[in-house]
Amino acid sequence: TSLSTMVSCLGENVRVVRSIIATIGDALALPLHQDTTTTSTSTMCYHDLSIPLQAQTIETLWNSILEESQNLHLILPKNTTDMETVQDIRTVSATKGCGLPLCHITLRPLFMLESERTTKSSVVWNTTTDMNDAGVECMACAANFVSHKIMV
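Notes on the structure follow. (Residues numbered from 1 in each chain as written. Predicted model: local features only at pLDDT ≥ 70, side-chain atom pairs only at ≥ 80, totals over all residues. Heavy atoms only, no water.)

## What about the overall build of the protein?
Then, number 1: When helices and strands are tallied, the protein shows six helices and two strands.
Then, number 2: The linear arrangement of helices and strands in the protein, starting from the amino end, is α-α-α-α-α-β-β-α.
Then, number 3: Counting the 152 residues in the protein, one finds 34% classified as buried.
Then, number 4: Partitioning the contacts of the protein with sequence separation of at least 6, the portion at a separation of at least 24 is 55%.
Then, number 5: With the model as given, the accessible surface of the protein reaches about 9300 Å², and the carbon-plus-sulfur share is 62%. (Helix = DSSP H or I, 4+ residues; strand = E, 2+ residues; numbered from the N terminus. Buried < 20%, exposed > 50% of the residue type's maximum accessible area, 1.4 Å probe, protein only. Contact = heavy atoms within 4.5 Å. Areas by Shrake-Rupley, 256 points an atom, 1.4 Å probe, with all protein chains shown as cover.)

See the structure below:
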């Protein structure tokens, strides 16, 4: 249904937010197992940066949306209901990400094979009108996130 599609699209925005928070965690050299889902932990770990606190609000709202989706008996794709956590994203990147090209928006390694078409697939996004600009490589969900100017 249309509502299921809308919830799935919101889930892709959550995926982008989680990828950005994972990158911040990597940049701050936080332990991979660090729980970033509680306010006290986030404040302690991220040194009062506002983005992780906003991400916690998004996570809370996302969990509420998933609960309401179940109450409404919406059928959602498995990749929407079982998305990777921030810790999952960081762990996979730490073990498999060396030497891979990075998404130019989230700075996460691009893992997907050419034959796999998901929202994590790599796309080349031309951000200018210059025909000589080759564009930048991004996760499809991240390019969509930025192109629609969704503010976190």
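## Brief notes about the nonpolar core
Then, number 1: Counting nine residues, the largest nonpolar core is built from V16, C103, L110, C138, M139, C141, A142, A143 and F145.
Then, number 2: Of all the secondary-structure elements, those providing two or more residues to this core are strand 2 (136-139) and helix 6 (140-147).
Then, number 3: Sorting elements by how many residues they give to this core places helix 6 first, with four residues.
Then, number 4: What C103 contacts, discounting residues up to four positions off in sequence, is R108, L110, E137, C138, M139 and A142. (Core = buried A, V, L, I, M, F, W, Y, C linked by side-chain atoms within 4.5 Å.)

## Some details on the pattern of salt bridges
When the charged atoms of two side chains lie near each other, side chains of opposite charge can form a pair.
Then, number 1: In total, this model carries six salt bridges according to the counting rule given.
Then, number 2: For the salt bridge of R90 with D26, the shortest nitrogen-to-oxygen distance reads 2.6 Å. Separated by 64 residues along the polypeptide, R90 in helix 5 (residues 86-96) and D26 in helix 1 (residues 2-27) bring together distant segments of the chain.
Then, number 3: Judged by relative accessible area, which is 33%, D26 ranks as partly exposed. (Salt bridge = Lys/Arg side-chain N within 4 Å of Asp/Glu carboxyl O.)

## Quick notes on a nonpolar patch on the surface
Then, number 1: A contiguous nonpolar surface patch, about 310 Å² in accessible area, is contributed by L3, M6 and L72.
Then, number 2: Residue L72 is classed as exposed on the basis of its relative accessible area, which comes to 53%. (Patch = residues over 30% accessible without salt bridge, like charges linked within 9 Å, V, L, I, M, F, W, Y side chains within 5 Å.)

## Some details on the packing of helix 1 against helix 3 (residues 50-71)
What describes two packed helices is the angle between their axes and the distance between those same axes.
Then, number 1: For the pair helix 1 and helix 3, interaxial distance at closest approach is 10 Å and the crossing angle is 150°. What the angle tells us is that helix 1 and helix 3 run roughly antiparallel. Helix 1 and helix 3 meet at a crossing whose hand is left-handed. Mapping the contact onto sequence places V7, L10, G11, V14, V17, R18, I21 and I24 in helix 1 and I51, P52, A55, I58, E59, W62, I65 and S69 in helix 3.
Then, number 2: When grouped by side-chain class, the residues that make up the contact of helix 1 with helix 3 number twelve nonpolar, two polar and two charged. (Axes fitted to C-alpha atoms, helices over the stretch in contact; angles between N-to-C directions. Parallel < 35°, antiparallel > 145°, perpendicular 65-115°, else oblique. Left-handed = near helix turned anticlockwise from the far one by under 90°. Nonpolar A, V, L, I, M, F, W, Y, C, P; charged D, E, K, R; others polar.)

Read these as geometric descriptors, not functional statements.
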